[in-house]
Amino acid sequence: MFHPPFLSCIRTVTTLSSLLPKALAFSFYSSIPLKQHQYQKQKQDPLPNGNPIGSPARIQKLIASQSDPLLAKEIFDLAARQPNFRHSYSAFHTLILKLGCARHFSLMQSLLSHLKSEHFTVSPSLFSNIIQIYGDAQMPEKALKTFYTILEFNVKPLPKHLNCILKILVAHRNYLRPAFDLFKSAHRYGVLPNTKSYNILMRAFCLNDDLSIAYSLFNYMFKRDIIPDVESYRILMQGLCRKSQVNRAVDLLEDMLNKGFVPDTLSYTTLLNSLCRKKKLKEAYKLLCRMKVKGCNPDIVHYNTVILGFCREGRAGDACKVFEDMPSNGCLPNLVSYRTLVGGLCNQGMYDEAKSYMEEMMSKGFSPHFSVFHVLIKGFCNVGMIEEACGVLVEMLRNGEAPHIDTWVEIVTRVCEVEIEKTGDLLKEVVKVEIKPDTRIVEVGSGLEEYLIKKIRARSRLA
């Protein structure tokens, strides 16, 4: 890399050509660890092609090694001014991308024009990179213009160029129409949209609530002998479900299966979630059972979706059946499964069953959220099962969870109401604590735990 004093020297000398060979040699060889005698030998030996500044390949490597794109551009310009020197295409390609990535767009475009005048055979990958650079810079208009620049280089645009531009354009709502226009006119420039092209536009129109246009594109694929893929069907299913047209989405799934496609997990997740939200729980459970037969094993997300659907509708018993089916189908419940089920059981007053699943949950190493403990404690207190509520609180404290203020309010007041004459000094201290919205009564937590444990053990001995 050039040192500042050396660069200053280069800029001020009048005989540029006499210093350039030294500058290039110094910069190039300083990037390679050489012994002193090897460096001296390199200075004395003539360069391979007889040119004092080295070969175009050597200059390209020097340009590529620079982290500063402006310095790389200076090296490029210095070399270009030397007699009988012509840069390689690789040097243009490397520098154009360096400038673009650094967002020196005017310099990049100037160099691109220079490249055009040199009549090189240009690699299509150069334009792919330029399009993506403009996309990353949130400059959709420039990305679109690059498509037409490709034609100026007598290069045939490829589907990947079209798809990259479409993806960039549809990310900006104002450019959805220009994207559609380019899609429709692409065949004039020798590039035919493929399945991915259709998928990009279908998704964009679905997200824009233009479901009819998305459906038209889907049907047009068959007329153009373009085979849709699993993603094509999924995009439409998601669009239909977003518009609450779940029955049409299920019909589309059947059409997909009849044509020999195997829906992916995300397709099933979309349908199961939509069916549950529309309270079509029977259909959701049937679909869950069909998945394995149709070549897609249900995963934890599918099971949790259906369990949540049953719990939301007050059918925790059915949720338990789905839960119990999981291990036999090769899917083990996770923390979300247990939390959802325990909450659903508590909401229906099935506290014993909820406690059983909570204990199973903890035995498998899962830590219940304090909200799970709270809803169970509150449930037991509401039906007068104070001892069971105390047992849950003991487990909560043992598990390292700090009870919420509402949990303390529920259990402390109920214990005091039931056994006010039997409470010891500990509970007298508890009721003296001033309870505020931000109070958690952490100070008495350990003492209350000991009291409850002793109480439960004493009753166990009496029994």
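On a predicted model such as this, the values are computed, not experimentally measured, just so you know. (Residues numbered from 1 in each chain as written. Predicted model: local features only at pLDDT ≥ 70, side-chain atom pairs only at ≥ 80, totals over all residues. Heavy atoms only, no water.)

**Thoughts on the overall build of the protein**
So, point 1. Within the protein, the secondary structure is distributed over 26 helices and zero strands.
So, point 2. Here the protein, with 463 residues, has 45% of them falling under the buried criterion.
So, point 3. Long-range contacts, defined as pairs at least 24 residues apart, comprise 62% of the intrachain contacts of the protein with a sequence gap of at least 6. (Helix = DSSP H or I, 4+ residues; strand = E, 2+ residues; numbered from the N terminus. Buried < 20%, exposed > 50% of the residue type's maximum accessible area, 1.4 Å probe, protein only. Contact = heavy atoms within 4.5 Å.)

**Some words on the pattern of salt bridges**
So, point 1. Under the criterion given, the structure shown has 11 salt bridges.
So, point 2. In this structure, Asp181 and Lys184 form a salt bridge, with 4.0 Å as the shortest nitrogen-oxygen distance. In this pair, Asp181 and Lys184 are both assigned in helix α11 (residues 176-185), three residues apart and thus about one turn of the helix distant.
So, point 3. Residue Asp181 is classed as partly exposed on the basis of its relative accessible area, which comes to 38%.
So, point 4. On the basis of relative accessible area, Lys184 is assigned to the partly exposed category, the value being 43%.
So, point 5. Between Asp318 and Arg315 there is a salt bridge whose closest N-O contact spans 2.9 Å.
So, point 6. Take Asp318: its relative accessible area is 23%, and that puts it in the partly exposed class.
So, point 7. Salt bridges sharing common partners tie together Arg315, Asp318 and Lys321. (Salt bridge = Lys/Arg side-chain N within 4 Å of Asp/Glu carboxyl O.)

**Points about helix α18 (residues 300-312)**
So, point 1. Along its 13 residues, α18 runs 18 Å from first to last C-alpha, staying within 8% of the 18 Å computed at 1.5 Å per residue.
So, point 2. Residues of α18 that are buried include every one of His302, Tyr303, Asn304, Thr305, Val306, Ile307, Gly309, Phe310 and Cys311, and no others.
So, point 3. Where α18 is buried, its residues meet α16 (265-277), α17 (281-293), α19 (316-325) and α20 (335-347).
So, point 4. The N-cap of α18, judged by a side-chain oxygen 3.0 Å from the amide nitrogen of Val301 a few residues on, is Asp299.
So, point 5. Just downstream of α18, Gly314 is the residue with a positive phi angle, here 70 degrees. (Expected span 1.5 Å × (residues − 1). Polar contact = N/O pair within 3.5 Å; in protein donor to acceptor, adjacent residues only side chain to side chain.)

**As for the state of the cysteines**
Note on terminology: disulfide describes a covalent bond linking the sulfur atoms of two cysteines.
So, point 1. For the structure on display, the rule yields zero disulfides.
So, point 2. Free cysteine: Cys381, not disulfide-bonded; nearest cysteine sulfur from Cys390 at 7.3 Å. (Disulfide = S-S within 2.5 Å.)

**Focus on the packing of α16 against α17**
So, point 1. At a minimum axis separation of 8 Å, α16 and α17 run at an interaxial angle of 160 degrees. Taken as axis vectors, α16 and α17 run roughly antiparallel relative to one another. The handedness of the crossing between α16 and α17 is left-handed. Contacts from Tyr268, Leu271, Leu272, Leu275 and Cys276 in α16 reach Leu281, Glu283, Ala284, Leu287, Leu288 and Met291 in α17.
So, point 2. In terms of residue class, the contact of α16 with α17 is made up of 10 nonpolar, no polar and one charged. (Axes fitted to C-alpha atoms, helices over the stretch in contact; angles between N-to-C directions. Parallel < 35°, antiparallel > 145°, perpendicular 65-115°, else oblique. Left-handed = near helix turned anticlockwise from the far one by under 90°. Nonpolar A, V, L, I, M, F, W, Y, C, P; charged D, E, K, R; others polar.)

**Overview of the nonpolar core**
So, point 1. Counting residues in each nonpolar core, the largest one holds 125 residues, and the members touching the most others are Leu115, Leu126, Met202 and Leu236.
So, point 2. Setting aside anything within four residues of it in sequence, one finds Leu115 in contact with Tyr89, Phe92, Ile96, Phe120, Val122, Leu126 and Phe153. (Core = buried A, V, L, I, M, F, W, Y, C linked by side-chain atoms within 4.5 Å.)

**A few points about the packing of helix α12 (residues 195-207) against helix α14 (residues 230-242)**
So, point 1. It is the contact of α12 with α14, at a shortest axis distance of 9 Å, that shows an interaxial angle of 5 degrees. Classified by the angle between their axes, α12 and α14 sit roughly parallel to one another. Residues Thr195, Asn199, Met202, Arg203, Cys206 and Leu207 of α12 lie in contact with α14, whose contacting residues are Glu231, Ser232, Ile235, Leu236, Gly239 and Arg242.
So, point 2. Counted by class, the contact of α12 with α14 contains five nonpolar, four polar and three charged residues.

**Regarding the environment of Pro193**
So, point 1. Within the secondary structure layout, Pro193 lies in the loop between α11 and α12.
So, point 2. Overall, Pro193 belongs to the buried group, its relative accessible area being 16%.
So, point 3. Taking the C-alpha atoms as reference points, Pro193 and Ile226, separated by 33 residues in sequence, lie 9.1 Å from one another.

**Considering the environment of Leu288**
So, point 1. Inspection of the secondary structure puts Leu288 in helix α17.
So, point 2. What makes Leu288 buried here is its relative accessible area of 4%.
So, point 3. Along the primary structure Leu288 and Leu272 are separated by 16 residues, whereas in three dimensions their C-alpha atoms are 7.7 Å apart.
So, point 4. For Leu288, the residues in contact, after removing those within four places along its chain, are Leu272, Pro298, His302, Tyr303, Val306 and Val322.

**Some points on the packing of aromatic side chains**
So, point 1. The final tally for this structure, using the stated rule, is 19 aromatic pairs.
So, point 2. Considering the side-chain rings of Tyr148 and Tyr189, the 5.8 Å spacing of their centres and the 80 degrees angle between planes classify their relative orientation as edge-to-face. With Tyr148 in helix α9 (residues 140-152) and Tyr189 in the loop between α11 and α12, the pair connects residues that are 41 residues apart, well separated along the chain.
So, point 3. Among the residues examined, Tyr148 registers a relative accessible area of 33% and is labelled partly exposed.
So, point 4. For Tyr189, a relative accessible area of 27% gives the class partly exposed.
So, point 5. Ring centres of Phe218 and Phe222 lie 5.4 Å apart, and the angle between their planes is 80 degrees; this geometry places the pair in the edge-to-face category. A residue pair is termed a helical-turn pair when its members lie 3 or 4 positions apart in one helix, as Phe218 and Phe222 do in helix α13 (residues 211-223) at four residues.
So, point 6. Residue Phe218 is classed as buried on the basis of its relative accessible area, which comes to 3%.
So, point 7. Among the aromatic residues, ring-to-ring pairing joins Tyr215, Phe218, Phe222, Tyr233 and Phe261 into one connected group.
So, point 8. Directly above the aromatic system of Phe180 lies the positively charged group of Lys184, at a separation of 4.6 Å from the ring centroid. (Phe/Tyr/Trp six-rings, centres within 6.5 Å; stacked < 30°, edge-to-face > 60°. Lys NZ or Arg CZ within 6 Å of the ring centre and 35° of its normal.)

**Focus: the side chain of Asn304**
So, point 1. Structurally, Asn304 can be placed in helix α18.
So, point 2. A relative accessible area of 11% places Asn304 in the buried class.
So, point 3. With near-sequence residues (within four places) excluded, Asn304 lies in contact with Asn334, Val336 and Ser337.

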